[in-house]
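Coordinate inspection notes
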Amino acid sequence: MVEIWILGATGRAGRSISAELCRGGHQIVLVGRNAQRLSEAAAAIEALGGPTPRTLVTDDPAAQIAADRPDVVVNTVGPFGTTTVPTAQACVAAGSHYVDLANEFEPVRSLLELDTVARAAGSTLVTGAGFGVLATEALVYELCAGRPAPARVRVAAMPVVDGLGPAVLASVVDAAATGGLVYRNGRPVRTRLGAHLQHTPLPDGTTRDTVAVPTGELEAALRASGAAEVIATSSEVPTGRTARAALPIVGAMLRVGALRRIVIRAVDRWQLTPPSTPGDASWAYACAEWEGGETRQAWLRTGEGYQFTSRVAATVAARLAAGEARPGAFTPAALFGTDLARAAGGTITVDTAVKDPR
Ligand SMILES: NC(=O)c1ccc[n+]([C@@H]2O[C@H](COP(=O)([O-])OP(=O)(O)OC[C@H]3O[C@@H](n4cnc5c(N)ncnc54)[C@H](OP(=O)(O)O)[C@@H]3O)[C@@H](O)[C@H]2O)c1
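Below: a short report on this structure. Keep in mind the model is a prediction, meaning the values are calculated, not measured. (Residues numbered from 1 in each chain as written. Predicted model: local features only at pLDDT ≥ 70, side-chain atom pairs only at ≥ 80, totals over all residues. Heavy atoms only, no water.)

1. Digging into the nonpolar core
We apply this condition: Think of a nonpolar core as a cluster: buried Ala, Val, Leu, Ile, Met, Phe, Trp, Tyr and Cys residues, connected wherever their side-chain atoms sit within 4.5 Å. Any residue under 20% of the maximum accessible area for its type is buried, any over 50% is exposed, and the rest in between are partly exposed; the area is computed with a 1.4 Å probe on protein chains only. Bear in mind that the domain bounds are from an automatic or database domain assignment. Any two residues whose heavy atoms approach within 4.5 Å are treated as being in contact.
One finds Ile 17, Leu 21, Leu 30, Leu 300, Phe 308 and Val 316 to be the most contacted residues of the largest nonpolar core, which totals 70 residues. Taken together, domain 1 (3-130 + 307-336) and domain 2 (131-304 + 341-351) each give at least three residues to this core, which thus spans both. Non-local contacts of Val 316, meaning those with residues more than four positions away in its chain, are made with Val 99, Val 126, Ala 129, Phe 336 and Leu 340. Grouped together as the second largest cluster of nonpolar side chains are 18 residues, Val 31, Ile 65, Ala 88 and Cys 91 included.

Below, the structure written as structure tokens:
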């Protein structure tokens, strides 16, 4: 039977993806660095009623992939700046398929640059298989299907989660160190971190504040639209005036490698519960503007962000395991289309009438 490995199987996303795959009858292997935490994760899966999954303790997943050549590897170990490329390269060398949850700009772009080697090796590599990148990327494809490239695209991610693992905070630290980034004239241009405050509209007429962040969604929106000007914003960073003023200073400090490593080690001990109330929805938004003034907007609505992410990653892994994909390196909707977002529980609404209130 086809085997799917979950790297970071003891973490929040890893456990949830493992559970999704087990419910779908897939054979999974829980991979991690701590035997005790792995057996607890395996027991939790067993409690769902399926067989106990195999566990694999390793400090060197890339070497294990080279030795065992699994069919599909799902990488949930962030920050992805250190894990995406080495793990994906190990998969390419082993002829395995690869999926990750990265939504930081550099790892997503670096993974997509492995397209040629992945095609030559017959491996499929998918990055951003979660709320970020898929939720906004799917909207851009919906808006641009069958049309010429728009002049400008803006996306906004507004997920709601009921808890955050330490790896998420470490990923945010890594992203902050990149500084602000937008695409202008088709090229990445540095901007002030925390710039571009947007009052992102929701279908009910209310707005949510979002600011520009250097996410993988920026790269995915560029590729999905072909627009020269692209901006990706998020509600996940503080949008208040003081916080926005402080963000460039924090970003500059985090660019100092030693300081960044200290901060990442410190946040590794934190468990934050973000503010959300039951019933809160996660939203993604995209707006495309064509020369001549035509503007189209779209929204994706779903529930808690990790649930959506787990379904996306599990569905992508299952489809790769079933041999449904072509070789190469992709973002999720580029490979499987926008219905992947609907299958994961997203509802998409397209509105051509409302102008984006910038
Ligand atoms: N794209 C999206 O929409 C999306 C959604 C959710 C999460 N994410 C990203 O996915 C990542 C995981 O999130 P999470 O909430 O599951 O985090 P988490 O609960 O902190 O789990 C992190 C997992 O990675 C493992 N790990 C951490 N550092 C490691 C290292 N140096 N070597 C080997 N294993 C290591 C941990 O293992 P131990 O148990 O041994 O510590 C744990 O299994 C984060 O980067 C997050 O930003 C993305």
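What follows continues from the structure just given.
2. Observations regarding the packing of aromatic side chains
What counts here: Classification of ring pairs rests on two measures: the distance between centres of Phe, Tyr or Trp rings, Trp counted by its six-membered ring, which must be within 6.5 Å, and the angle between planes, read as stacked under 30 degrees, edge-to-face over 60 and tilted in between. Starting at the N terminus, helices and strands are each numbered in turn, a helix being any DSSP run of H or I of at least four residues and a strand any DSSP run of E of at least two. A ring is scored as having a charge over it whenever the NZ atom of a lysine or the CZ atom of an arginine sits within 6 Å of its centre and within 35 degrees of its normal.
Tallied over the entire structure, the rule returns three aromatic pairs. For the ring pair Phe 105 and Tyr 183, a centre distance of 6.3 Å and an interplane angle of 55° mean the geometry is tilted. Taken together, the residues Phe 105 in helix H5 (residues 105-112) and Tyr 183 in strand S8 (residues 180-184) connect sequence positions 78 residues apart. With respect to class, Phe 105 is no different from Tyr 183; both count as buried. Measuring from ring centre to ring centre gives 5.7 Å for Phe 131 and Phe 308, while their planes differ by 75°; the resulting arrangement is edge-to-face. Of the two residues, Phe 131 sits in helix H7 (residues 131-144) while Phe 308 sits in helix H12 (residues 305-321), which places them 177 residues apart along the sequence. The exposure classification of Phe 131 matches that of Phe 308, with both residues buried. Across from the ring centre of Phe 336, 4.1 Å away, lies the NZ or CZ of Arg 319, which sits over that ring.

3. Examining the site of the ligand
Test applied: By convention in this text, a residue qualifies as near a molecule or strand provided that one of its non-hydrogen atoms is within 4 Å of it. For this analysis, a polar contact is any N or O atom pair within 3.5 Å, provided that within protein one partner can donate a hydrogen and the other can accept it, and provided that sequence-adjacent residues contribute only side-chain to side-chain pairs. Areas reported here follow the Shrake-Rupley algorithm with a probe of radius 1.4 Å; residue values treat only the protein chains shown as occluding. Under this grouping Gly is polar, as are all residues other than the nonpolar Ala, Val, Leu, Ile, Met, Phe, Trp, Tyr, Cys and Pro and the charged Asp, Glu, Lys and Arg.
Looking at the ligand, there are 22 residues lining it, with Thr 10, Ala 13, Gly 132, Ser 171 and Tyr 306 nearest. Arg 12 is positioned with one of its backbone polar atoms (N or O) 2.9 Å from an oxygen atom of the ligand. When the free accessible area of the ligand is taken as 930 Å², the share hidden by the protein chains comes to 79%. When contributions to the shell around the ligand are tallied by element, the ones reaching two or more residues are helix H1 (12-23), H7, helix H8 (166-178) and H12. Among the elements that line the shell around the ligand, the one with the most residues is H8, at four residues. The residue makeup of the shell around the ligand, split by class, is nine nonpolar, 10 polar and three charged. Each of domain 1 (3-130 + 307-336) and domain 2 (131-304 + 341-351) contributes no fewer than three residues to the shell around the ligand.

4. Re the packing of H1 against helix H2 (residues 35-46)
Rules: Only the stretch in contact is used when fitting a helix axis, every axis being a line fitted to C-alpha atoms; angles between N-to-C directions are given from 0 to 180 degrees. The sense of a crossing depends on the near helix, which, turned anticlockwise from the far helix by less than a right angle, makes the crossing left-handed and, turned clockwise, makes it right-handed.
Axis separation between H1 and H2 bottoms out at 10 Å; the angle between their running directions is 35°. Crossing of H1 over H2 shows right-handed handedness. Contact residues: H1 offers Arg 15, Ser 18, Ala 19 and Cys 22, while H2 offers Arg 37, Glu 40, Ala 41, Ala 44 and Ile 45. Tallied by class, residues from the contact of H1 with H2 come to five nonpolar, one polar and three charged.

5. A closer look at the pairing of strand S3 (residues 54-57)
This is how it is decided: Only strands that DSSP links by at least two bridges are regarded as paired with each other. Orient the strands so they point away from the viewer, and a crossover whose first-strand-to-second-strand path over the helix runs clockwise is right-handed.
Two elements, strand S2 (residues 27-32) and S3, share four bridges in a ladder whose sense is parallel. From the neighbouring strand, Gly 32 faces S3, where its bridge partner is Val 57. Chirality of the crossover, the property in question, places the unit of S2, H2 and S3 among those that are right-handed.

6. Points about the packing of H7 against H12
Here is the rule: To sort the angles, those under 35 degrees are grouped as roughly parallel, those over 145 as roughly antiparallel, those from 65 to 115 as roughly perpendicular, and the leftovers as oblique.
The geometry of H7 relative to H12 is characterised by a closest axis approach of 9 Å and an angle of 85° between their N-to-C directions. In terms of their interaxial angle, H7 and H12 are classed as roughly perpendicular. Here Phe 131, Leu 134 and Ala 135 of H7 lie close against H12, whose contacting residues are Gly 305, Phe 308, Thr 309 and Val 312. Residues that form the contact of H7 with H12 fall into these classes: five nonpolar, two polar and no charged.

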